[in-house]
Structures are given as structure tokens and as C-alpha cells.
Amino acid sequence: MAAWARAARALLLDVSGVLYDSGGDGGAPIAGSVQAVRKIKASGLKLRFCTNETQATREKFVKKLQGLGFDISVDEVTAPAPAACRVLKERNLRPHLLVHNDVVPEFAEIDKANPNCVVIGDAADNFSYANLNEAFRVLIGLENPVLISLGRGRYYKETDGLKLDVGAYMKALEYACDIQAEVVGKPAKMFFESALAELGVQPQQTSGESWRCTGAEESRSREGRRAAAAPGRVKILGTIMIGDDIVNDVGGAQQCGMRAVQVRTGKYRPSDENHPQVKPDAYVNNLAEAVDLILQQLHE
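Now for a description of the structure that goes with this document. (Residues numbered from 1 in each chain as written. Predicted model: local features only at pLDDT ≥ 70, side-chain atom pairs only at ≥ 80, totals over all residues. Heavy atoms only, no water.)

**Some points on the overall build of the chain**
Then step 1. For the chain, the helix and strand inventory stands at 9 helices and 16 strands.
Then step 2. Within the span of the chain, comprising 300 residues, buried residues form 57% of the whole. (Helix = DSSP H or I, 4+ residues; strand = E, 2+ residues; numbered from the N terminus. Buried < 20%, exposed > 50% of the residue type's maximum accessible area, 1.4 Å probe, protein only.)

**Description of the side chain of Asp245**
Then step 1. Relative to the elements of secondary structure, Asp245 occurs in the loop between strand E14 (239-243) and helix H8 (246-255).
Then step 2. Residue Asp245 is classed as buried on the basis of its relative accessible area of 10%.
Then step 3. A polar contact is formed between the side chain of Asp245 and the side chain of Lys267, at a distance of 2.7 Å.
Then step 4. Among all residues touching Asp245, those that are not within four sequence positions of it are Val250, Gln262 and Lys267. (Polar contact = N/O pair within 3.5 Å; in protein donor to acceptor, adjacent residues only side chain to side chain. Contact = heavy atoms within 4.5 Å.)

**Observations regarding the sheet that holds strand E1 (residues 10-13)**
Two modes of strand pairing occur in sheets, parallel and antiparallel, and in both the strands are linked by backbone hydrogen bonds.
Then step 1. Sheet architecture is open: 6 strands sit in the order E5-E4-E1-E14-E15-E16, paired in parallel fashion. Two strands close off the open sheet at either side, each with one partner strand: strand E5 (77-78) and strand E16 (282-284).
Then step 2. Here 4 bridges tie E1 to E14, and the two strands are oriented parallel to one another. Note that in E14 the partner of Leu12 across the bridge is Met241.
Then step 3. Against the sheet, H8 engages E14 and strand E15 (259-263), with an angle of about 165 degrees to E15. (Pairing = 2+ DSSP bridges. Axes fitted to C-alpha atoms, helices over the stretch in contact; angles between N-to-C directions.)

**Observations concerning the packing of helix H4 (residues 129-140) against helix H5 (residues 166-177)**
Then step 1. For the pair H4 and H5, the least separation of the axes is 10 Å and the interaxial angle reads 40 degrees. Taken together, the axes of H4 and H5 are oblique relative to one another. For the pair H4 and H5, the crossing hand works out as right-handed. Judged by residue contacts, Leu132, Ala135, Phe136, Leu139 and Ile140 of H4 engage Tyr169, Leu173, Ala176 and Cys177 from H5.
Then step 2. The residue inventory of the contact of H4 with H5, partitioned by class, reads 9 nonpolar, no polar and no charged. (Parallel < 35°, antiparallel > 145°, perpendicular 65-115°, else oblique. Left-handed = near helix turned anticlockwise from the far one by under 90°. Nonpolar A, V, L, I, M, F, W, Y, C, P; charged D, E, K, R; others polar.)

**Digging into the packing of helix H1 (residues 33-43) against helix H9 (residues 287-299)**
Then step 1. Relative to each other, H1 and H9 sit at 25 degrees, their axes nearing to 8 Å. Between H1 and H9, the angle falls in the class roughly parallel. When the axes of H1 and H9 are compared, the crossing they make is left-handed. Between H1 and H9, the contacting residues are Ser33, Ala36, Val37, Lys39, Ile40 and Ser43 on the first element and Leu287, Ala288, Val291, Asp292, Leu295 and Leu298 on the second.

**Topic: the packing of aromatic side chains**
Two aromatic rings are characterised by how far apart their centres lie and by the angle between their planes.
Then step 1. Across all of its chains, the model carries 3 aromatic pairs by this definition.
Then step 2. On the numbers, 3.6 Å between centres and 10 degrees between planes, the contact of Phe127 with Tyr169 is stacked. One end of the pair, Phe127, is in the loop between strand E7 (117-120) and H4; the other, Tyr169, is in helix H5, with 42 residues separating them in the sequence.
Then step 3. Ring centres of Phe191 and Phe192 lie 6.0 Å apart, and the angle between their planes is 85 degrees; on these two criteria the pair is classed as edge-to-face.
Then step 4. With a relative accessible area of 0%, Phe192 lands in the buried category. (Phe/Tyr/Trp six-rings, centres within 6.5 Å; stacked < 30°, edge-to-face > 60°.)

**Notes on the pattern of salt bridges**
Then step 1. For the structure on display, the rule yields 16 salt bridges.
Then step 2. Among the salt bridges present, the one from Glu182 reaches Arg91, with a minimum N-O distance of 2.6 Å. Of this pair, Glu182 sits in strand E11 (residues 182-183) while Arg91 sits in the loop between helix H3 (80-90) and strand E6 (95-98), and the two are 91 residues apart along the sequence.
Then step 3. Overall, Glu182 belongs to the partly exposed group, its relative accessible area being 32%.
Then step 4. Lys189 is paired through a salt bridge with Glu193; the nearest N and O atoms lie 3.9 Å apart. You can see Lys189 and its partner Glu193 sitting in helix H6 (residues 189-199), 4 residues apart, about one turn around the helix.
Then step 5. Within the structure, one salt-bridge network assembled from shared partners comprises Asp14, Lys186 and Asp249. (Salt bridge = Lys/Arg side-chain N within 4 Å of Asp/Glu carboxyl O.)

This is the structure we're talking about:
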């Protein structure tokens, strides 16, 4: 029995590795994912797409997904670059950008003269020694260096294999400058809170969940929920995160009080099921399976 799927009211979906595998050719949908999104929308469940995509503007990213057959619009997507722009404006920060060329337009309204911080994203081929060293020099020359990262993923999957993600380069700058980056993408709590606010979902103070697992599901998910189920902790009742990243998707969502499910697609590796800190509430083969289980519970 899929107890984790009970009483669902809203879903947060990761994109790369859950809906599709990206690639230089535009990528390819994961089997059943296009239909799964249609089923969610037809069901009346609230839906938000949560991505750490930083190789394109939201508009260009959504257009690509629409071309792959997905029913998705820009205002349904929570992404790191707009969140970073809000932070920059609020704190009067002027960034040196180490990002992909295609995401630079997201920062068009941001003052970038005389930088007093560095913003790093998945810059792909822009992660050259020269560019990394330039970012390092900006940071090391500041009295109070600020490094803002649009994610901290280790790697992601494209159609031709696994690729290093922004986290590896973020860590290099952290080590070189002896600082800690501020992450505005997943797994940052601020990112998930923004997505929930955009969904209109309100956190609730509770002493526990409104559902219980039994048998194998309980042993699999007890550790992952233990902290979130402590008396007085904020819980996000009825909201489920579905992702392929054990730390950034699953761990990040659980830290915010949500249930979280890991798909065995995208960057998933069998070793994820033995992760020492993060225990998903369930594993499913793909998004299509997760959605079918959720909808079955919805109709019971």
C-alpha cells in the first residue's frame, strides 16, 4: 500500500531527470512523463515545477519542454535565477556572473558594475580556468566576499551521460576563498518556501503527519521523517516532492516538512538507496508510476 501517496493536495516536480533527460539535441522525455503531467492537471491537484536549471532563461526552458510535448507554462516554474535576482536587489549586490551565456538575460535589470559579489550557475563550457580564476580574484579582493550559487548539485544526466554540475565549481571557490556559498536553488529552504508560496500552500504546526506507513515503507522512511515529525515542527501536509536527486530534491523537501519520493530515472544511482542521511518516503520507477499511485489514493 502506497501510504506516502495518501491525502495528496499538491505536487512539486523536479524537471531534469524526472520529466526529461537534457542534452545538446534538446533532450528527450522520460517514458510516460508527458502523460503523467497531463493526468496531474486533469486531477485538480496543485502543481509546481521546481528546477535548478541555469543554462537557459525560464522562457527558453519552458519553450523547449513544450516542444517535447509537456503542458507547462512559465508561471508554473520556480527556478534559481529569478530568486537570485531578488536577493541581489534586496541587498544592493552587484554580481560578477559566472553563468551560462543563455541565462545571462535573467540578470538584465541587475547592476553589474564594480562587482561586490559573485553569482555562479551551471556555466557548462564557461567553466574554464580563466573564468574560474577571474571569479576567484573578485571574491578574494572583497573585504566581505559573497558567493551566491544557483544550486549545489554534484552532477546531472544528459542524453549522452552524466555531467558535472555547479556544486563542484562552487566548492572550489569556497575552498580557495575560505568562504561558504549562499545557495538559492535546491536544496535551500528559501527555494522550497518560494515554490510553496507560489502554490498557495501554507505550512502548519503539527506534532506529526496525518498519515502513517506500515511494514517496509515504515522502515524505509522512518529515519527520513524523524526530525520533521518532532513536536512543534512545521509540516507541509498533503504536499509531495518528486525528484531524482537524493540530496537536493528529497533531502531539501523533507527538511521543509514535505513528503519526498525519489524516481529511479535521471541521476538516480542504486547507491542512493543506502544514503546515510537521506531516506525518501518511497522509491518509484518513474514519474508515471508515482502519479498513478497518487491518483489511485485520491480516488479511494
